[in-house]
Amino acid sequence: MNNKVKKLFGYNLKRLRKDKGISQMELAEIVGMTFNFISDIETGKKWVSPESIEKFSESLNVPVYYFFLPIDQIEIKSNDVQLLLADITNMFEEIKEKYK
């Protein structure tokens, strides 16, 4: 496996794990791996099987491709933010109408 891909995957795994507030130990327990193996993956020292990538995806509730996004594309996309804001606005409007 290409070292750049391993490092990118590890960086994104760490970022996504931290975004969810999950420790390496907690993630290791969830996916059935050791703490040391999770650490080695995050630092790009080890690689994982497609099945393990799927476990990470399910455990962190993110699409598989999030682990392979280039570092400059890992921020929340603006259209995702717009959709979220639209949902919140709609909910607010419904509540406002209900209590008029």
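Scroll up to find the structure this text is about.
Caption draft 1: View of the environment of Y66. Along the polypeptide, Y66 turns up in the loop between α4 (50-60) and α5 (78-98). On the basis of relative accessibility, which here comes to 24%, the residue Y66 falls in the partly exposed class. Distance from Y66 to L13, taken between C-alpha atoms, is 8.7 Å for residues 53 residues apart in sequence.

Caption draft 2: Inspection of helix α1 (residues 3-19) at higher detail. The end-to-end C-alpha distance of α1 is 24 Å, a good match for the 24 Å that 17 residues give at a rise of 1.5 Å each. Those residues of α1 that fall on the buried side of the exposure criterion are K6, L8, F9, G10, N12, L13, R15, L16 and R17. On the buried face of α1, the contacting elements are α2 (24-31), α3 (35-42) and α4. At the exit of α1 stands G21, carrying a positive phi of roughly 70 degrees.

Caption draft 3: Quick look at the side chain of R17. Assignment of secondary structure puts R17 in helix α1. The contact partners of R17, leaving out residues within four places of it in the chain, are I22, S23, Q24, L27, E42 and L60.

Conventions and cut-offs
Residues numbered from 1 in each chain as written. Predicted model: local features only at pLDDT ≥ 70, side-chain atom pairs only at ≥ 80, totals over all residues. Heavy atoms only, no water. Helix = DSSP H or I, 4+ residues; strand = E, 2+ residues; numbered from the N terminus. Buried < 20%, exposed > 50% of the residue type's maximum accessible area, 1.4 Å probe, protein only. Expected span 1.5 Å × (residues − 1). Contact = heavy atoms within 4.5 Å.

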